[in-house]
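# Analysis of the macromolecular model
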Amino acid sequence: MLESTVAAIRPLDEAAMAAARELQGRLTKPAGSLGALEPLSVRLAGLAGTCPPPLPEPAAVAIFAGDHGVHAQGVTPWPQEVTAQMIANFVAGGAVVNAFARQAGASVTVVDVGVATPLPVEPTADPAGPRLVAANVRPGTRDLTVTAALTRDEARAAVETGIRIAGELVDAGAGILLTGDMGIGNTTPAAALIAALTGVDPAAATGRGTGVDDETYARKVGVVRAALDRHAPDPADPLGVLAAVGGLEHAALAGLVLGAAARRVPVLLDGVIAVSAALAAAAFAPDAVGAMVAGHRSAEPGATAALRHLGLDPLIDLGLRLGEGTGALLALPVVTGAVRVLHEVATFDSAGVAEK
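Our subject in this report is the structure included herewith. (Residues numbered from 1 in each chain as written. Predicted model: local features only at pLDDT ≥ 70, side-chain atom pairs only at ≥ 80, totals over all residues. Heavy atoms only, no water.)

### Re the overall build of the chain
- Within the chain, the regular secondary structure consists of 15 helices and six strands.
- For the chain, the C-alpha radius of gyration of 20 Å lies close to 21 Å, the compact-globule estimate for 356 residues.
- On the principal axes, the C-alpha backbone points of the chain span a range of 70 × 45 × 40 Å.
- Across the 356 residues that make up the chain, the buried fraction comes to 56%.
- For the chain, the share of sequence-separated contacts (at least 6 apart) that also reach a separation of at least 24 residues comes to 77%.
- For the chain, the accessible area works out to roughly 13,300 Å², and carbon and sulfur atoms hold 55% of it.
- Across the chain, 24 positive and 35 negative side-chain charges occur, with their mean positions spaced 3 Å apart. (Helix = DSSP H or I, 4+ residues; strand = E, 2+ residues; numbered from the N terminus. Rg over C-alpha atoms; globule rule 2.2 N^0.38 Å. Buried < 20%, exposed > 50% of the residue type's maximum accessible area, 1.4 Å probe, protein only. Contact = heavy atoms within 4.5 Å. Areas by Shrake-Rupley, 256 points an atom, 1.4 Å probe, with all protein chains shown as cover. Lys, Arg positive; Asp, Glu negative; His and termini not counted. Charge placed at Lys NZ, Arg CZ, Asp CG, Glu CD.)

### Here we look at the side chain of Asp143
- Within the element layout of this structure, Asp143 appears in the loop between strand 3 (131–134) and helix 6 (152–171).
- One buried charged side chain, Asp143, makes no salt bridge at all; its nearest oppositely charged neighbour is Arg230, positioned 8.0 Å away.
- Those residues in contact with Asp143 that lie beyond four places of it in its chain are Gly69, Val70 and Gln73. (Salt bridge = Lys/Arg side-chain N within 4 Å of Asp/Glu carboxyl O.)

### Considering helix 6
- Look at helix 6: 28 Å from first C-alpha to last across 20 residues, which is about the 28 Å you get at 1.5 Å a residue.
- Downstream of helix 6 by one or two residues, Gly173 has phi in the positive range, about 110°. (Expected span 1.5 Å × (residues − 1).)

### Some remarks on the nonpolar core
- Ranked by size, the top nonpolar core spans 80 residues in total, and within it Phe64, Leu177, Leu256, Leu258 and Met292 carry the most contacts.
- No other element matches helix 12 (residues 272–284), which puts eleven residues into this core.
- Residue contacts for Leu256: discarding those within four places in its chain leaves Ala62, Phe64, Gly162, Ile163, Ile165, Ala166, Leu177, Leu178, Thr179 and Val267.
- Judged by nonpolar contacts, the second largest core, of 34 residues, contains Ala59, Ile87, Leu178 and Leu329. (Core = buried A, V, L, I, M, F, W, Y, C linked by side-chain atoms within 4.5 Å.)

### Description of the layout of surface pockets
- Its boundaries defined by the atoms lining it, the largest pocket holds a volume of some 500 Å³.
- Lining the largest pocket are 30 residues, and of these Met182, Asn186, Thr210, Arg321 and Leu322 lie nearest its centre.
- Its residues assigned to classes, the lining of the largest pocket comprises eleven nonpolar, twelve polar and seven charged. (1 Å grid on protein atoms, 1.4 Å probe; cavity = no way out; pocket = protein on both sides within 12 Å on 5 of 7 lines; lining within 4 Å. Points joined across faces, edges and corners; volume = space filled by probe spheres on them. Nonpolar A, V, L, I, M, F, W, Y, C, P; charged D, E, K, R; others polar.)

### Digging into the sheet that holds strand 4 (residues 176–182)
- With parallel pairing, six strands are arranged side by side in an open sheet as 3-2-1-4-5-6. The open sheet has two free edges, formed respectively by strand 3 and strand 6 (292–294), since each of these has just one partner strand. Adjacent strand axes in the sheet meet at a mean angle of 30° when their direction is disregarded.
- Where strand 1 (residues 59–66) and strand 4 come together, seven bridges link them in parallel fashion. The partner of Ala60 across the bridge, within strand 4, is Leu177. (Pairing = 2+ DSSP bridges. Axes fitted to C-alpha atoms, helices over the stretch in contact; angles between N-to-C directions.)

And the structure:
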């Protein structure tokens with residue numbers, strides 16, 4: 001599945017992008033006056049292969065959840081059981097992501113791809129509410145400071161879970177996918193992935209996550225540095241990087257991005273977990289970047305390093321660091337607006353407006 005998905009990912013359609021640029025130049029507004037929305041609409045036309053591209057709706061948020069063996073190194077003060085408890089909150093509709101999803105009219109799918117503790121809720125299939133999917137590859141990763149977090153087979157299984165979920169959501173009618181995540185301690189493997197795949201120093205890739213104190217932050221940077229020294233992951237081998245220092249939710253999110261790109265559907269990235277996974281997706285298939293839209297700039301410093309490496313500019317910057325898909329949901333109206341302009345704004349000729 002992974003190989004066939006990567007093989008299906010193609011470059012953006014140049015003719016559709018040229019048509020979108022030409023149309024932008026004829027709309028009743030000064031050229032370039034919509035700033036970043038204009039190149040975004042052009043890129044989405046190239047992804048869809050038509051101008052104007054389809055409106056990015058309905059939206060579907062996929063939250064992948066997993067736990068981390070590196071939790072044992074004291075990189076976060078939060079107990080690991082919170083991962084499972086938050087999944088119950090997502091399914092009950094009580095989290096921030098649920099509030100934002102209701103506002104945006106987006107569906108929410110929660111995927112247990114590697115939670116370590118028993119879930120307090122059962123898998124569900126209710127299309128009217130948040131859906132929980134059981135797809136647990138293993139109950140949490142191993143401690144990446146001691147051994148590889150995952151085997152290559154486990155990393156592949158998680159990636160292919162993300163590909164499968166992307167296909168299911170697109171087949172159900174989703175016009176845009178949004179990344180979400182949950183996993184206590186998951187900013188540590190995210191930092192390791194970013195450092196491994198971009199070459200930045202671990203200190204530049206590592207942030208304070210849920211808001212750790214100075215002592216814990218220094219420990220976290222040391223953990224990331226030690227893991228990279230131990231495994232020396234090769235950025236040309238993204239599956240190996242995910243196995244060595246990644247998390248199950250990171251690998252699944254990489255698969256979601258690849259699955260969306262193969263189906264020519266945009267994927268709106270959330271924060272640092274999502275962009276670390278997007279780096280892996282781009283290492284598998286560089287043309288997958290064409291399907292990526294950076295929803296926001298996470299307060300985590302590694303997110304900026306990852307976005308710079310991908311060549312993506314975030315749509316909003318609000319100092320967010322929650323995860324779950326919250327920043328992507330807040331950026332969703334911006335993406336929709338960029339496309340709606342191409343559908344609904346009159347041209348100078350059709351409106352009878354004189355050009356300069």
